[in-house]
Amino acid sequence: MDDEDRHSINEPLPNAPLLAGGAEAGDQPFGEPLKSWHIATTPRAVSSVTCIALFLWVLSGTIVMVPAARLVEDIFCRRHYGRVDSDPIDERLCKADDIQASMAWVFGLSLALGTVVGLVVVVPYGVLADRARKPVYLLAATGQFANVAWSLLVLRFWRALPVELVLLGPALELIGGGLTMAIVILYAIISDVNAPENRATTYFFSSLAANLAVFVGPPLASKMMEVWSPWVPISLSLLVTVLAGTIIFLVPETAHSLRKSPGSADGSSDAEHNEWRSAVKTRLTRVFYNSDFRLVLRKRPVVLLLLVFALTAPLPAGMGSMFLQYYSKRFGKSIEDAGYMLAIRGGLTIVVVGVVLPMLSKYINSSSSVQLPTFRRDLILAQASAAFAGLGYFLLGGPNMASLISGIVVLTLSVGISPLCRSLISNLVKPDQTSQIFTIVSIVEGIGSLPAGPFLAWTFSSGIRLGGSWFGLPFFFLGTLGFLALAVLCLVHSTRNIPANSVP
């Protein structure tokens, strides 16, 4: 139900087969004949469309987050006080501990169920997407729309449908894989059409597009709620979801494997189904049972980095619906006000991703006084990011507004931890094992995220029951994970003697 909780897209997901150089010389550059509606037919144009699609996906999630939280709060509030009428109810009455605890559990369980669905669908739909990007993308968009539409249907008819039925929404993402699969495919399209040396730049702009949506979405929703009602931004979210799904029609198919060889043009559907099942089995076997790759997984640095991925996977959940509840409950503010606070995070992230990190990277690469191997540089930056994550969340759980704002600022400096760790672990495997290690990373992150939702709900409920300094308990838990990740990264120093891509 809460896309901001479930998925972080500050980094690319480079685990899809890539076409070196975008297309081979003299080869058909796309996997289907060009149509009149294919207005994006160059690498730059296709990349621009994917960045717009990413912006729309994140916008659809961030613009619905604030009004959905308010509606869920209002429903539990009416249930708590035995109100079934349509008259407005004072939001201040809805900050009772029992009401907020019930909200936290619904959001937490929804996050966990969405993670389970993501783990189930990533491999089978990934195999299908290797053959054809667009059909799977459209299927994923359909599943995401069904999830959002079902949740809003339950909220609209709350007198007849228990609000807990929103937990069925993530199951609808079994249709195509939902938002998770849609974003994976968008990054795969970027890889398809761009040469390796140009992909980093495109990933950079896609990250800016996503963070721009984080900056725009919550305050826009809050303003609409103040002027009209929560249903206006919710209706806009559904429209944006449709746009995010259908924009793919502007792009030709980029998976070259869509074109069948002459001998397979008349293959039966049963044969194609058996081929798909065989491909799924082959991919799972390659990842989990390949003898060379299993030796890689026994390497201490690789195991430590996988542990870091598991520890940091729950961190993005702290700046979703949990933050809205915490800010509103602890400081006596409306949920609309909390939406404006999220804009601070989005704006600062744009500054960090768009200005600070490029300047820092340029300084390190050009400075004669800073001569660090790439692995060592990324390790130091990852350690700093983990430290900022730990400190930021502890400040976020502090007793006053100054501490909270300081926490948001410091937490913004941790946005690079996931891509930095991906860079580190990719340097510890052979080039032909990169796809397998990133598949393992995705699974480990999913497993790490799985208990995060229920555990955050429990810590939030316990914090408001205990009161005082314990109010920030969910953020203290996340801060502890950040510092644990830092401790583990400090044990990876032994890898400095291992040449890149030389692990047997």
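In this text, all values refer to a predicted model and were calculated from it rather than measured experimentally.

1. Concerning the overall build of the protein
Helices and strands together make up the secondary structure of the protein, namely 18 helices and zero strands. Looking at the protein as a whole, 54% of its 504 residues are labelled buried. Once local pairs closer than 6 in sequence are excluded, the contacts in the protein between residues at least 24 apart make up 82%. Total accessible area on the protein stands at roughly 21000 Å², and carbon and sulfur atoms take up 66% of it.

2. With respect to helix H2 (residues 43-81)
Side chains that are three or four residues apart share a direction in an α-helix, a result of its 3.6 residues per turn. For H2, built from 39 residues, the straight-helix expectation of 57 Å at 1.5 Å per residue is met to within 8% by its first-to-last C-alpha distance of 57 Å. Along H2, the largest kink reaches about 35° and is centred on Met65; proline Pro67 follows within four residues of it. The buried fraction of H2 amounts to 30 of the 39 residues, a majority that puts the element mostly inside the structure. Phi turns positive one or two residues past the end of H2, at Gly82, with a value near 70°.

3. Concerning a nonpolar patch on the surface
Taken together, the side chains of Trp105, Leu109, Phe455 and Trp458 define a hydrophobic patch exposed on the protein surface, amounting to about 370 Å² of accessible area. Mapped by element, the contributors of at least two residues to the nonpolar patch are helix H3 (97-131) and helix H17 (452-466). For Trp458, the position within the fold is in helix H17.

4. Some thoughts on the packing of helix H11 (residues 321-331) against H17
Close contact between H11 and H17 brings their axes to 12 Å; oriented N to C, the two are set at 5°. As the angle between them shows, H11 and H17 are arranged roughly parallel. Contact residues: H11 offers Met322, Gln325, Tyr326 and Lys329, while H17 offers Leu456, Ala457, Phe460 and Ile464. Here the residues of the contact of H11 with H17 are counted per class, giving six nonpolar, one polar and one charged.

5. Regarding the packing of H17 against helix H18 (residues 473-489)
At a minimum axis distance of 7 Å, the contact between H17 and H18 shows a crossing angle of 135°. Viewed along their axes, H17 and H18 adopt a mutual orientation that is oblique. On H18, the residues touching Phe455, Leu456, Thr459, Phe460, Ser462 and Gly463 of H17 are Leu473, Pro474, Phe477 and Leu478. Grouping the amino acids of the contact of H17 with H18 by side-chain chemistry returns seven nonpolar, three polar and no charged.

6. Some details on the environment of Thr41
Of note, Thr41 is situated in the loop between helix H1 (3-6) and H2. Taking relative accessible area as the criterion, Thr41 reaches 33% and is therefore assigned partly exposed. Separated by 211 residues in the primary sequence, Thr41 and Pro252 have C-alpha atoms spaced 7.1 Å apart.

7. A look at the environment of Tyr203
Structurally, Tyr203 is set in helix H6 (residues 196-227). Looking at Tyr203, the relative accessible area reads 13%, which means it is buried. Sequence separation of Tyr203 and Ser47 is 156 residues, and the distance between their C-alpha atoms is 9.2 Å.

8. What about the packing of aromatic side chains?
To describe a pair of aromatic rings, you give the distance between the ring centres and the angle between the ring planes. Scanning the entire structure with this criterion turns up eleven aromatic pairs. Considering the side-chain rings of Tyr326 and Phe331, the 6.3 Å spacing of their centres and the 90° angle between planes classify their relative orientation as edge-to-face. Exposure class is identical for Tyr326 and Phe331. Each is buried. Ring geometry for Tyr326 versus Phe475: centroids 4.7 Å apart, planes at 80°, classification edge-to-face. Residue Tyr326 is found in helix H11, and its partner Phe475 is found in helix H18; the two are separated by 149 residues along the sequence. For the pair Tyr326 and Phe475, a shared accessibility class is recorded, and that class is buried. Through a chain of ring-to-ring contacts, three or more aromatic side chains come together here, namely Phe323, Tyr326, Tyr327, Phe331, Tyr393, Phe471 and Phe475.

9. Remarks on the confidence of the model for the protein
When pLDDT is averaged along the protein, the result is 80, and 78% of the positions lie at 70 or above. When the elements of the protein are averaged for pLDDT, H1 gives the smallest value, 51, and H18 the largest, 94. For the stretch residues 6-27, pLDDT sits under 50, and the model shows 61 contacts to residues farther than four places along the chain or on other chains. Below pLDDT 50 for its whole length, residues 257-267 participates in 14 contacts with residues either more than four positions away or in separate chains.

10. Examining the nonpolar core
Counting 84 residues, the largest nonpolar core has Phe323 and Leu404 as the members making the most contacts within it. Tallying contributions element by element places H2 first for this core, with ten residues. For Phe323, the residues in contact, after removing those within four places along its chain, are Gly318, Ala338, Met341, Leu342, Leu396, Leu404, Ile408 and Phe475.

11. Let's talk about the pattern of salt bridges
Where charged atoms of side chains with opposite charge meet at close range, the side chains can pair. Enumeration over the complete set of coordinates arrives at twelve salt bridges. The closest approach of N and O atoms between Glu73 and Arg70, which form a salt bridge, is 3.0 Å. Taken together, the residues span about one helical turn, with Glu73 and Arg70 both in helix H2 at a distance of three residues. Using a relative accessible area of 0% as the deciding quantity, one classes Glu73 as buried. Residue class for Arg70 comes out buried when judged on its relative accessible area of 10%. Close ionic contact of Lys329 with Asp97 constitutes a salt bridge, the shortest N to O distance being 2.8 Å. One end of the pair, Lys329, is in helix H11; the other, Asp97, is in helix H3, with 232 residues separating them in the sequence. A relative accessible area of 33% means that Asp97 is categorised as partly exposed.

12. Quick notes on the state of the cysteines
On inspection of all chains with the given rule, the structure shows one disulfide. Between the sulfur of Cys77 and that of Cys94 lies a disulfide, 2.4 Å long from S to S. Here the disulfide of Cys77 and Cys94 is left-handed, its torsion about the S-S bond being about -85°. Residue Cys77 is found in helix H2, and its partner Cys94 is found in the loop between H2 and H3; the two are separated by 17 residues along the sequence. Here the two residues Cys77 and Cys94 agree in accessibility, since each one is buried.

The rules behind each value
Residues numbered from 1 in each chain as written. Predicted model: local features only at pLDDT ≥ 70, side-chain atom pairs only at ≥ 80, totals over all residues. Heavy atoms only, no water. Helix = DSSP H or I, 4+ residues; strand = E, 2+ residues; numbered from the N terminus. Buried < 20%, exposed > 50% of the residue type's maximum accessible area, 1.4 Å probe, protein only. Contact = heavy atoms within 4.5 Å. Areas by Shrake-Rupley, 256 points an atom, 1.4 Å probe, with all protein chains shown as cover. Expected span 1.5 Å × (residues − 1). Bend = angle between axes of the 7 residues up to and from the residue. Patch = residues over 30% accessible without salt bridge, like charges linked within 9 Å, V, L, I, M, F, W, Y side chains within 5 Å. Salt bridge = Lys/Arg side-chain N within 4 Å of Asp/Glu carboxyl O. Axes fitted to C-alpha atoms, helices over the stretch in contact; angles between N-to-C directions. Parallel < 35°, antiparallel > 145°, perpendicular 65-115°, else oblique. Nonpolar A, V, L, I, M, F, W, Y, C, P; charged D, E, K, R; others polar. Phe/Tyr/Trp six-rings, centres within 6.5 Å; stacked < 30°, edge-to-face > 60°. pLDDT = per-residue confidence, 0-100. Core = buried A, V, L, I, M, F, W, Y, C linked by side-chain atoms within 4.5 Å. Disulfide = S-S within 2.5 Å.

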